[in-house]
Amino acid sequence: SLDVARFNARFEAPQVQVGMPLGDGRALALHHQGERTRAAIARLSPRDAATLGEVERRYCETVETALLPALFQPPADSELRSRLEATPAGRELLAWARQSPQEVVDGLFTDEAVRSLFLSQFPLPYGVPDDAPGLGLVAALVLSGAEEYSFCGGGSHVLAQALWRSILVRRGSAALSEDISITFR
């Protein structure tokens, strides 16, 4: 661990993670707590709120134990597939993998505003177009409630300084104003 908190970097997770104004003057929000998100959705669509609760109950553990770790230390494709094939929920998520995020969301939710709220989460921070085939597993990250959005208190420069200091304390080196070239193969 780089222990960036030691160097004044702190991460904060706001209670309202994402908000979306609706044309009729109301708003829909993703909250830090799943029950508050479900309550907000229930005002528009009780069925969609119940569906989200079922998705969270069914898939959160698999997302936390198989998908989230794979984001930070990617396993071999066969290892991730084996982890997912080991449980009924994992096998269902593998079926999502063949779909686009939009196909997953459209298959689960009926209310247009609810679908729009979730679909708006794929381009940022994941960089995934909602109609990209074969990326339906990204929907599991958004819908399961296993991941939360946070920001670095004080701004990104605080995080950059904390990372710099953490590296230097460990006798690492860092360079300023260096030209970097990247070659894609």
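Every value quoted in this text rests on a predicted model; they were computed, and no experiment measured them. (Residues numbered from 1 in each chain as written. Predicted model: local features only at pLDDT ≥ 70, side-chain atom pairs only at ≥ 80, totals over all residues. Heavy atoms only, no water.)

> Which residues make up a nonpolar patch on the surface, and what values do they have?
A cluster of nonpolar side chains, Leu2, Leu163, Ile167 and Leu168, forms an exposed patch at the surface whose accessible area comes to about 280 Å². Note that Leu2 resides in the segment before β1 (11-12). The exposure class of Leu2 is partly exposed, given its relative accessible area of 39%. (Patch = residues over 30% accessible without salt bridge, like charges linked within 9 Å, V, L, I, M, F, W, Y side chains within 5 Å. Areas by Shrake-Rupley, 256 points an atom, 1.4 Å probe, with all protein chains shown as cover. Salt bridge = Lys/Arg side-chain N within 4 Å of Asp/Glu carboxyl O. Helix = DSSP H or I, 4+ residues; strand = E, 2+ residues; numbered from the N terminus. Buried < 20%, exposed > 50% of the residue type's maximum accessible area, 1.4 Å probe, protein only.)

> Explain the side chain of Thr51 residue by residue, including any values.
Along the chain, the position of Thr51 falls in helix α2 (residues 46-72). Relative accessible area serves as the criterion here: at 18%, Thr51 is assigned to the buried category. Not counting residues within four places of it along the chain, the set of residues in contact with Thr51 comprises Leu108 and Phe109. (Contact = heavy atoms within 4.5 Å.)

> I'd like a description of the packing of aromatic side chains, backed by residues and values.
Evaluation of the coordinates by the stated rule reveals two aromatic pairs. With a centroid separation of 5.0 Å and an interplanar angle of 55°, the aromatic rings of Tyr59 and Trp96 are classed as tilted. With a gap of 37 residues between them, Tyr59 in helix α2 and Trp96 in helix α4 (residues 88-97) connect regions that are remote in the sequence. Their ring planes at 25° and their centres at 5.1 Å tell us that Phe109 and Phe118 sit as a pair that is stacked. Across the pair, exposure class does not vary: Phe109 and Phe118 are buried alike. (Phe/Tyr/Trp six-rings, centres within 6.5 Å; stacked < 30°, edge-to-face > 60°.)

> Explain the packing of α2 against helix α3 (residues 77-85) to me, using residue names and the numbers behind them.
Between α2 and α3, the least distance of the axes is 10 Å, while the angle of their chain directions is 175°. Between α2 and α3, the interaxial angle falls into the category roughly antiparallel. Listed contacts from α3 to Thr62, Thr65, Ala66, Leu67, Pro69 and Ala70 of α2 are Leu80, Arg83 and Leu84. Taken together, the residues that form the contact of α2 with α3 break down as six nonpolar, two polar and one charged. (Axes fitted to C-alpha atoms, helices over the stretch in contact; angles between N-to-C directions. Parallel < 35°, antiparallel > 145°, perpendicular 65-115°, else oblique. Nonpolar A, V, L, I, M, F, W, Y, C, P; charged D, E, K, R; others polar.)

> Tell me about the pattern of salt bridges, and please be specific about residues and values.
The tally for this structure, following the rule as stated, stands at nine salt bridges. For Glu56, the salt bridge identified is with Arg38, shortest N-O distance 2.2 Å. Remark: Arg38 occurs in helix α1 (residues 34-42) and Glu56 occurs in helix α2; sequence separation between them is 18 residues. Judged by its relative accessible area of 22%, Arg38 is partly exposed. The partner of Glu54 in a salt bridge is Arg57, and the shortest N-O contact between them spans 3.7 Å. Linking Glu54 with Arg57, this pair stays in helix α2, spanning three residues, or about one helical turn. Look at Glu54 and you get partly exposed, because its relative accessible area is 39%. The exposure class of Arg57 is exposed, given its relative accessible area of 60%. Linked through salt bridges whose partners overlap, the residues forming this network are Asp106, Glu112 and Arg115.

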